[in-house]
Amino acid sequence: MEKKLATVYTLIAASLWGTIGLFVNILTSYGLTSIQLTVMRFMISTVIIGVYIGLKDKKKYVIQWKDLKWFFVTGVLCVLFFNVSYAIAIKQSSMSVAAVLLYTSPIIVTLISISVFGEILTKRKCMAVIFSVLGCALVSANTSKGSTSVSVEAFLWGMGAATGYAMYSVLTRVLLKKYTSITILFYTFVFASVVGGSSCRIDQLLPIFINNTDACLIVLISALLCNAIPYFLYSNALSMMEASNVSIIASIEPIVATLVGALVFKENITIYSVIGILSVLCSIIILNKSNKNGEM
C-alpha cells in the first residue's frame, strides 16, 4: 500500500513541476522578472513549510550551527541558481527544451560521483551518457518557436539549471544522514529567499500587485503548486519507496512540460523532439536501473 501511495505522490509532484513554465509565461507578462518570480515562490513556500513544521514537529527546526554553511550552499548556489536558470531557459527557448535539459541532471550527478566519490563508470552509465547527449542534441536542434536551433545562451542556462539541480541532489545525500528532508528543504528555502530577496528588489513588485490583484493569487498558486506541495509530496514518497524508483517515476516531468507547452502555448512537437525526449528519458531509466541493481 505504501509503494502505491508513494507512486501517486511522485506522479503528482513531477506533474506539478512540469507546470512551472506555465506560471513563468503568465506572470512575466505582468512585468515580473524570472528572478523575482522565483524568489517570490521561495518566500511563500518558506512560510508554508515553516508553519507546517511548527504545527507538526518543532524539533525539525533544530540544526547544528556549523551546518548553516551547507544550507547556504544548497539554498543559494544550488536551488536558487537552478530555478533562476530554469526560468530563463524557458523564456529563451521553450518549456519542453528547458525541461529536457534540466533532466540531464542525473547524468551530471553520475559524472560528479565518479570524480568526487570514486564510483566506477559502468557500461550502463556510459549508455546513459550517450542517450542523454543524443537526446539533448535532437531537442535543441528543433525548437518549438520555429527557429532552426536553440541559442547557445539558452542551452547554457538550461545546463546551468541541470548542474544546480544535480549539485543539490549530491549535497542533500550527505545532509540526509543528519536531518529529515523537510528540515533540509526549509533551511534551503530560507537562504534562497533571503539572498534572492536582497538581490532582486522585491519592493519593486508592490505597484505590479496593486494594479494587478489577480497576479497576487497566481503567485500564491504557483508557490503552492510548483514548490511547497510537490517538494512535500516528493519528500514523503522518498520515505516510502526506494529513491531509484521515485526518480524513474519523476521522469514524467519533461513529458508534462512538453504537453503543457503544446496545449497551452501551441508549441510544436516535432518527431525529432519526441525522439530526443524519449532518448533522455531512456538515459535516466538506464541510470536508475543500474543504481537499483547495485551497480555503481
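Anything mentioned here points back to the structure above.
My aim in this report is to walk through the structure given alongside it, one point at a time. Here the structure is a predicted model, which means the values were calculated and not measured.

For the rest of this paragraph, the subject is the side chain of Thr 28. Among the structural elements, Thr 28 can be located in helix α2 (residues 20–28). Thr 28 gets classed as buried once you look at its relative accessible area, which sits at 17%.

Attention now goes to a nonpolar patch on the surface. Where nonpolar side chains cluster on the molecular surface, the patch consists of Ile 26, Ile 255, Leu 259, Leu 263, Val 264, Phe 265, Ile 269, Ile 271, Tyr 272, Val 274, Ile 275 and Leu 278 and spans about 1000 Å² of accessible area. Sorting the residues of the nonpolar patch by element identifies α13 (252–265) and α14 (271–292) as the ones contributing at least two each. With respect to the element layout, Ile 269 can be found in the loop between α13 and α14.

Moving on, we come to the side chain of Thr 38. Along the chain, Thr 38 falls in helix α3 (residues 34–56). Of the residues examined, Thr 38 reaches a relative accessible area of 1% and is grouped as buried. With near-sequence residues (within four places) excluded, Thr 38 lies in contact with Leu 80, Asn 83, Val 84 and Ala 87.

In this structure the tally under the stated criterion is 6 aromatic pairs. Taken together, a centroid distance of 5.6 Å and an interplanar angle of 40° make the contact between Phe 71 and Tyr 187 tilted. Taken as a pair, Phe 71 in helix α4 (residues 68–92) and Tyr 187 in helix α9 (residues 181–199) lie far apart in primary sequence, 116 residues in all. Among the aromatic residues, ring-to-ring pairing joins Tyr 61, Phe 71, Tyr 179, Phe 186 and Tyr 187 into one connected group.

Tallied over the full model, the rule gives 2 cavities of 30 Å³ or more. Of the voids in this model, the largest cavity is the one considered here, and its volume is about 100 Å³. Lining the largest cavity we find Trp 17, Ile 20, Phe 82, Asn 83, Tyr 86, Leu 102, Tyr 165, Cys 226, Asn 227, Tyr 231 and Glu 253. Looking at the lining of the largest cavity, the elements with two or more residues in it are α4 and α11 (213–240). Its residues assigned to classes, the lining of the largest cavity comprises 8 nonpolar, 2 polar and 1 charged.

An ideal rise of 1.5 Å per residue puts 27 Å on 19 residues; α9 measures up with 27 Å between its terminal C-alpha atoms. What α9 keeps buried is the set Ile 182, Thr 183, Ile 184, Leu 185, Phe 186, Tyr 187, Thr 188, Phe 189, Ala 192, Ser 193, Gly 196 and Gly 197. Downstream of α9 by a residue or two, Arg 201 has a phi angle that is positive, lying close to 55°.

Throughout the structure, instances matching the rule amount to 1 salt bridge. Linking Lys 178 and Asp 67 is a salt bridge whose minimum nitrogen-to-oxygen distance equals 2.7 Å. Separated by 111 residues along the polypeptide, Lys 178 in the loop between α8 (152–175) and α9 and Asp 67 in the loop between α3 and α4 bring together distant segments of the chain. Classification of Lys 178 by relative accessible area gives partly exposed; the value is 42%. Residue class for Asp 67 comes out buried when judged on its relative accessible area of 6%.

A separate point is helix α1 (residues 2–17). For α1, which comprises 16 residues, the first-to-last C-alpha distance of 22 Å matches the rise-based estimate of 22 Å (1.5 Å per residue) to within 8%. Looking only at α1, the buried set comprises Ala 6, Thr 10, Ala 13, Ala 14, Leu 16 and Trp 17. Across the axial projection of α1, the buried residues extend over an arc of 160°, all falling on one side.

Here we come to the packing of α2 against α4. If you want to describe how two helices pack, look at the angle between their axes and the distance between the axes. Direction vectors running N to C along α2 and α4 enclose 75°, while the axes themselves pass 10 Å from each other. On the basis of their axis angle, the class for α2 and α4 is roughly perpendicular. Judged by residue contacts, Ile 20, Gly 21, Val 24, Asn 25 and Thr 28 of α2 engage Tyr 86, Ala 87, Ile 90 and Lys 91 from α4. Classifying every residue of the contact of α2 with α4 by side-chain character gives 5 nonpolar, 3 polar and 1 charged.

What counts, and where the lines are drawn
- Residues numbered from 1 in each chain as written.
- Predicted model: local features only at pLDDT ≥ 70, side-chain atom pairs only at ≥ 80, totals over all residues.
- Heavy atoms only, no water.
- Helix = DSSP H or I, 4+ residues; strand = E, 2+ residues; numbered from the N terminus.
- Buried < 20%, exposed > 50% of the residue type's maximum accessible area, 1.4 Å probe, protein only.
- Patch = residues over 30% accessible without salt bridge, like charges linked within 9 Å, V, L, I, M, F, W, Y side chains within 5 Å.
- Areas by Shrake-Rupley, 256 points an atom, 1.4 Å probe, with all protein chains shown as cover.
- Salt bridge = Lys/Arg side-chain N within 4 Å of Asp/Glu carboxyl O.
- Contact = heavy atoms within 4.5 Å.
- Phe/Tyr/Trp six-rings, centres within 6.5 Å; stacked < 30°, edge-to-face > 60°.
- 1 Å grid on protein atoms, 1.4 Å probe; cavity = no way out; pocket = protein on both sides within 12 Å on 5 of 7 lines; lining within 4 Å.
- Points joined across faces, edges and corners; volume = space filled by probe spheres on them.
- Nonpolar A, V, L, I, M, F, W, Y, C, P; charged D, E, K, R; others polar.
- Expected span 1.5 Å × (residues − 1).
- Arc of directions from axis to C-beta.
- Axes fitted to C-alpha atoms, helices over the stretch in contact; angles between N-to-C directions.
- Parallel < 35°, antiparallel > 145°, perpendicular 65-115°, else oblique.

Function cannot be inferred from these measures alone, as they are strictly geometric.
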